[in-house]
Every structure is written in C-alpha cells, then in structure tokens.
Amino acid sequence: MRHENTGSVGRNKKFSRIRRFAIIPVLAMCITAALTSTAEAKARPYLGIYTDVAETSWYWNSVESCNTWGLMNGYADGTFRPESYITRAECATILSRIAVDNSPRYEVAFDDVANTSWYYNAVSQFGDFMGGCTQVETTSNPWGYAAYFYPDALATREDFMQGIYIATAAGTHEATQNRSFLDASSINSEYRENIEHLYRCGVINGDGNGYFRPKDSITRAEVATILCTLAEWYWI
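So, a few notes on the structure that sits alongside this text. Predicted, not measured: the structure shown is a model, and the values here were computed from it.

1. Quick look at helix α6 (residues 157–167)
- Burial analysis of α6 places ten of its eleven residues in the buried class, which makes it a mostly covered element.
- Directly beyond the C-terminal end of α6, a positive phi value near 50° is found at Ala 169.

So, in structure tokens, the structure goes:
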C-alpha cells in the first residue's frame, strides 16, 4: 500500500495495525422492537424527556424518538443540547449503532485514539467510515505511517454524511429524485457522489435553499432528524 504524506483513510483500505473481528449487530433488539413503525413515532405524544427540548421545537419528535430507540442519549443534567455541535467521536458512536453490515472487517488503530477512551471501540471499528481521517508518513513506527481520526474535533456535515452513506449501505438503494446541491462542487470530491445520492434519495435536504454547506458543523438536532429519516427509509 502506498502511503501519501497526507491523505484520506478510505473505508476499504487495510492498515497494518489491524485485527479482524466479527461485528455483533448492536441494535438488533432495538430495530426489532422499536423501529417496527415510524408511524408510531410520528403519532407519539410529547413526553418532555429533556428540559431543553420544547414541544414547540421543530426537532422534538426526532430527538425523543432517538432517545426511545437508543440511537442518541442526553446528558446527566437532563438536557439534550440540540443546538450544540456534535463531535467526531460522538458521530462514530452513532454509526456503530446503525451499521447494517455485519460481515467481518478490520479495526483501525488511530494514533490519536487511546484504548482507554470511552469511544475507542466505536472509533476503531467504525471511524474510518467517516471522511476527515488522515494518514501521514512517519519513521517512528514499523508501519511507516500514522493514522489520525481527530475524535474531539467537531464533525463536518460532509464527513458525517459520508459515514452515514457507508454505515447504511445507502448505495444499494435507488435514488427517487434527480437533483443536485447548488454547492455540490464544494463537497470533497471523494464523497461528493455519495452525498448527492443521499440527497436524491431524500435522506438529507440541505439548508432548505438547495445548499448542503459541506464544511459546516452539524448539530445534535440535525443528526436526530437524519436518523429518524433513515429509520423511515430502511426499517418500515
């Protein structure tokens, strides 16, 4: 494998520091019991699970549904912090909960992800689904390169949606609309077609004005809404 000075760590690239493992479907029970019908989610009453998610908010249903389904959790103080931006480590944890591929694959040993961190398993197993990972040449180890995930950095919209595309095997689903983001040219060329496919399938709709804003960070409320859309798309 050729190591570039700086490059993207691809989903299918095999690193030297890896071990093979069989994935256990994390949400098997959740998908069976909770995602039997998103009609139930749409009809569910407002429960007031979080102190900062009002019934008048546009995202309350998505947020409370994600809590019920075990896809996203709140904080110890009773808040969800819907307008807060989500980190890359949090995104990897979400991907670990929705991944549909249960075939054996390789674990990546990222140099900036300690094996004692709370997100270690999720990032090492699903982090390379996302965009934004890098590898650099080095002489400090026998493999000749170091891989980085940047777990505490805020996730960009394009990096997270690249992860969504791979984790949900979105490429196996046929697009229902012929459309393109007005700022498609600003999406990383490596992920552009994948993200456009999600748009054409109706999984994402951008900012409402035809723009995706790929380099922007993504909020927890936006992520919850996307997850509910995915539940309706795949599991009904």
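2. A closer look at the pattern of salt bridges
- Summed over the entire model, instances satisfying the criterion amount to eight salt bridges.
- Here Arg 81 makes a salt bridge to Asp 77, at a shortest N to O gap of 3.3 Å.
- A salt bridge links Asp 216 to Arg 213; its shortest N-O distance comes to 2.6 Å.
- Judged by relative accessible area, which is 31%, Asp 216 ranks as partly exposed.
- The structure contains a network of salt bridges with shared partners spanning Glu 193, Glu 196 and Arg 200.

3. Description of unusual backbone geometry
- Look at Tyr 150: it is not a glycine, yet its phi comes out positive at around 60°.
- Inspection of the secondary structure puts Tyr 150 in the loop between β5 (145–148) and α6.
- On the basis of relative accessibility, which here comes to 34%, the residue Tyr 150 falls in the partly exposed class.
- A positive phi angle, close to 55°, is found at Arg 213, a residue other than glycine.
- Residue position: Arg 213 is located in the loop between α7 (192–201) and α8 (220–234).

4. A look at the environment of Ser 185
- Residue placement: Ser 185 occurs in the loop between α6 and α7.
- As for Ser 185 and Pro 214, which are separated by 29 residues in sequence, their C-alpha atoms are 9.9 Å apart.

5. A few points about the packing of aromatic side chains
- A complete count under the given rule lists nine aromatic pairs for this structure.
- For the pair Phe 126 and Phe 129, a centre-to-centre distance of 5.5 Å together with 85° between the ring planes defines the contact as edge-to-face. Summarising the burial analysis for this pair, Phe 126 and Phe 129 share the class buried.
- Aromatic side chains Tyr 148 and Tyr 150 sit 6.2 Å apart centroid to centroid with 25° between the ring planes, which places their arrangement in the stacked category.
- Under the relative-accessibility criterion, Tyr 148 is labelled partly exposed at 27%.
- Here the aromatic cluster, defined as three or more aromatic residues joined through ring pairs, consists of Phe 181, Tyr 199 and Phe 212.
- When the ring centre of Tyr 199 is taken as origin, the NZ or CZ atom of Arg 179, which lies over that ring, is 3.8 Å away.

6. Notes on helix α3 (residues 60–69)
- Burial analysis of α3 places seven of its ten residues in the buried class, which makes it a mostly covered element.
- Burial in α3 covers these residues: Trp 60, Ser 62, Val 63, Glu 64, Ser 65, Cys 66 and Trp 69.

Conventions adopted
Residues numbered from 1 in each chain as written. Predicted model: local features only at pLDDT ≥ 70, side-chain atom pairs only at ≥ 80, totals over all residues. Heavy atoms only, no water. Buried < 20%, exposed > 50% of the residue type's maximum accessible area, 1.4 Å probe, protein only. Helix = DSSP H or I, 4+ residues; strand = E, 2+ residues; numbered from the N terminus. Salt bridge = Lys/Arg side-chain N within 4 Å of Asp/Glu carboxyl O. Phe/Tyr/Trp six-rings, centres within 6.5 Å; stacked < 30°, edge-to-face > 60°. Lys NZ or Arg CZ within 6 Å of the ring centre and 35° of its normal.

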